[in-house]
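Residues per chain, in single letters:
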Amino acid sequence: MSSQDILQSVSTLASYNVLLQVMFRVLTFLLNAFTLRFVSKELIGVVNVRLTLLYSTLVFLSREAFRRACLSGQSGKNHSWRPVINLLWMTVPLGVLWAVLLSYVWLWLLEVPDAHTVPYYSPAVVLFALSGVQELLAEPLWVLAQAHMFVRLKVVAESLAMIAKCSITVVLVVFSREWGLYIFSVAHLVYTGILVLCYAVYFIRFLGSKEAARNSFPLRHVRDLLPRRQYGEPLVDRNLARLTWSFFKQSFLKQILTEGERYVMTFLNVLSFGDQGVYDIVNNLGSMVARFIFLPIEESFYIFFAKVLERGRDVKSQKQEEVAIVAEVLECLLKLVLVIGLIITVFGYAYSHLALDIYGGSLLSSGSGPSLLQCYSCYVLLLAVNGVTECFVFAVMSQEEVDKYNFIMLALSVSFLFLSYVLTGWAGSVGFILANCLNMGLRILHSLLYIHQYFQLSRWKPLRGLLPSPPILLALGVSAVVTAVSEAFFCCDSGLLLRLVHIGVGAVCLLGVVIAVLLTETKLVQFVSTQLLPRFRKKRT
């Protein structure tokens, strides 16, 4: 595939991923709002913090390194997939090992919730661990689908799984509330089961079909999906195995940074289960845009950068026409996430209290909830920039550079845990956001220095994407002042009519910012319309 073909395929993948994440976040958003009316905040805290942490730790440590290594430089054609598939199946026994170790920690070393407030904790731990292992059964199929740009498969599979999970949760919460943690455990087990089933059914039907032959798909039979030795080839690709080990050491540290506040809450007991529930709900609300826009872009364009550029080679050693495309894409991505992040920061400050009051009532809008969401609005800007910069850096780093960066990640992980503990004692749950901001800033600094050095000897300067135009900055500044004044006069205890006035003021300000973007960032608008929106690209082709 040419770099342009890869860019188009990856852009389609990013677009579908964004739509998928939008649906996920909306469903989760509505589900949390619904369950708040039926279950205690202590039970929500155990599910959303402790049990979700168990599941995310298990699957991340079991598969993330394999995903990054096996998607690096894979073109999807003219490549022997047998050693790669054998390597990917190692995620399952690794997942079983992690499931046993983590279940022991969660059951015997951590504080057990009160059985009357949060019933059935022990079975829930086992079921969440089992669901993680179950999801790993689809890992070779997931990597094959990603490498060959089967964009609709992921959308359909995860959509069906999420709909089933939400439906089961709602039914059980309404009619079998006494089941406690069984409700969420069974729903999550069904979710991962449907994921595996969808991928399995698709590949069983696809392999050997005319479509597979027409696309020169490298596998022909269902048995090719299973691990086995092929004559004349190694059992696993040693280079990929070494790269996987490097990414594994890094993924362990990255997981601590990503879920650091949950680890601190879980292992250090700095917040009660009820406070953990409130924090997690506010955290999920604040991260909605980051998860359904920034994360899909990061995941999809990591594949683009890894496929177009050769890992470990400097910019002069790459094909210059492809370097030009990569530099242009990186600049546009940085500009895109920066503009979105600035909009969220400006409007999030003035509308945090209103959003929480509408979503969860006084349970969320009183206390530290509004200030927590305001801080998170600033943190989203850092998340946006870091996602794109690290996405590029991880795609072009050599194995030696990845190993060196692991030491940086180790230092950041230790400092984050220390800062979280200290700042939480000083500022409560807001301290978690402050610690995240400090660490994210250091990660961004490292990535910016690496990107600057990478393109230093070339004529391309993709970091110019971090310089928004003066009209956009002016529009954002005016919006910040106007919406802050509007909040002071119209929100949030003066009735429905004044709330609507406050919302209208924000809508007008947002429209002004969008107009400024459309008029001054024509290159960015063209990139979004031709690469991130499939319908525009289809019209062009």
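Residues numbered from 1 in each chain as written. Predicted model: local features only at pLDDT ≥ 70, side-chain atom pairs only at ≥ 80, totals over all residues. Heavy atoms only, no water.

Asks: Would you mind going over the overall build of the protein chain with me for this structure?
Replies: If you tally the helices and strands in the protein chain, you get 22 helices and zero strands. Taking 2.2 N^0.38 as the reference for a compact globule, 541 residues should give roughly 24 Å; the C-alpha atoms of the protein chain span a radius of gyration of 24 Å, in line with that estimate. Relative to its 541 residues, the protein chain shows a buried fraction of 57%. Restricting to contacts in the protein chain with at least 6 residues of sequence separation, those with at least 24 account for 83%. Total accessible area on the protein chain stands at roughly 23300 Å², and carbon and sulfur atoms take up 66% of it. Averaging the positions of the 44 positive and the 33 negative side-chain charges in the protein chain gives two centres separated by 8 Å. (Helix = DSSP H or I, 4+ residues; strand = E, 2+ residues; numbered from the N terminus. Rg over C-alpha atoms; globule rule 2.2 N^0.38 Å. Buried < 20%, exposed > 50% of the residue type's maximum accessible area, 1.4 Å probe, protein only. Contact = heavy atoms within 4.5 Å. Areas by Shrake-Rupley, 256 points an atom, 1.4 Å probe, with all protein chains shown as cover. Lys, Arg positive; Asp, Glu negative; His and termini not counted. Charge placed at Lys NZ, Arg CZ, Asp CG, Glu CD.)

Asks: How do you make sense of the nonpolar core when you look at a structure like this?
Replies: Looking at soluble globular proteins, one finds that nonpolar side chains tend to be buried together. One finds Phe-203, Phe-305, Phe-392 and Phe-455 to be the most contacted residues of the largest nonpolar core, which totals 172 residues. When residues of this core are assigned to their parent elements, the largest contribution, 24 residues, is made by helix 14 (residues 320-360). Residues within four places of Phe-203 in sequence aside, it is in contact with Leu-141, Leu-144, Ala-145, Phe-150, Leu-153, Phe-217 and Leu-225. (Core = buried A, V, L, I, M, F, W, Y, C linked by side-chain atoms within 4.5 Å.)

Asks: Got a minute to help me understand the packing of helix 2 (residues 41-70) against helix 5 (residues 121-136) in this structure?
Replies: In a pair of packed helices, the angle between the axes and the distance between the axes together describe the arrangement. Contact geometry of helix 2 with helix 5 gives a least axis separation of 9 Å together with a crossing angle of 30°. Taken together, helix 2 and helix 5 sit at an angle that is classed as roughly parallel. In the packing of helix 2 onto helix 5, the handedness of the crossing is right-handed. In this structure, helix 2 contributes Val-46, Arg-50, Leu-51, Leu-54, Tyr-55, Leu-58, Val-59, Ser-62 and Arg-63 to the contact, and helix 5 contributes Tyr-121, Ala-124, Val-125, Phe-128, Ala-129, Ser-131, Gly-132, Val-133, Glu-135 and Leu-136. A per-class count over the contact of helix 2 with helix 5 returns 13 nonpolar, three polar and three charged. (Axes fitted to C-alpha atoms, helices over the stretch in contact; angles between N-to-C directions. Parallel < 35°, antiparallel > 145°, perpendicular 65-115°, else oblique. Left-handed = near helix turned anticlockwise from the far one by under 90°. Nonpolar A, V, L, I, M, F, W, Y, C, P; charged D, E, K, R; others polar.)

Asks: Would you mind going over the pattern of salt bridges with me for this structure?
Replies: Two side chains of opposite charge can pair, provided their charged atoms sit close to one another. Tallied over the full model, the rule gives 11 salt bridges. Here Glu-135 and Arg-63 are joined by a salt bridge, their closest N and O atoms 2.9 Å apart. Here Glu-135, found in helix 5, pairs with Arg-63, found in helix 2; they are 72 residues apart in sequence, far enough to count as distant. Both residues of the pair, Glu-135 and Arg-63, belong to the buried class. When the shortest N-O distance is used, the salt bridge between Glu-64 and Arg-68 registers 3.1 Å. Residue Glu-64 and its partner Arg-68 are both found in helix 2; the two are separated by four residues, about one turn of the helix. The burial state of Glu-64 is the same as that of Arg-68; both residues are buried. Several salt bridges share partner residues, and in doing so they unite Glu-259, Arg-262 and Asp-280 into one network. (Salt bridge = Lys/Arg side-chain N within 4 Å of Asp/Glu carboxyl O.)

Asks: Got a minute to help me understand the confidence of the model for the protein chain in this structure?
Replies: Regions with low pLDDT should not have their predicted coordinates read in detail. Residue-level pLDDT values for the protein chain average 83, and 91% of them are 70 or greater. The spread of mean pLDDT over the elements of the protein chain runs between helix 22 (residues 534-540), the lowest at 39, and helix 5, the highest at 96. Contacts from residues 74-78, a stretch scored under 50 in pLDDT, to residues over four places away or in other chains number 14 contacts. Under a pLDDT of 50 for its full length, residues 534-541 has, in the predicted model, 14 contacts with residues more than four places off or in other chains. (pLDDT = per-residue confidence, 0-100.)

Asks: I'm lost on the side chain of Asp-224 in this one. Help?
Replies: Tracing the sequence through the fold places Asp-224 in the loop between helix 9 (210-214) and helix 10 (238-258). A polar contact of 3.2 Å, which involves the side chain of Asp-224, links it to the backbone nitrogen of Arg-220. With residues near it in sequence (within four places) discarded, Asp-224 still touches Arg-82, Ile-85 and Leu-219. (Polar contact = N/O pair within 3.5 Å; in protein donor to acceptor, adjacent residues only side chain to side chain.)

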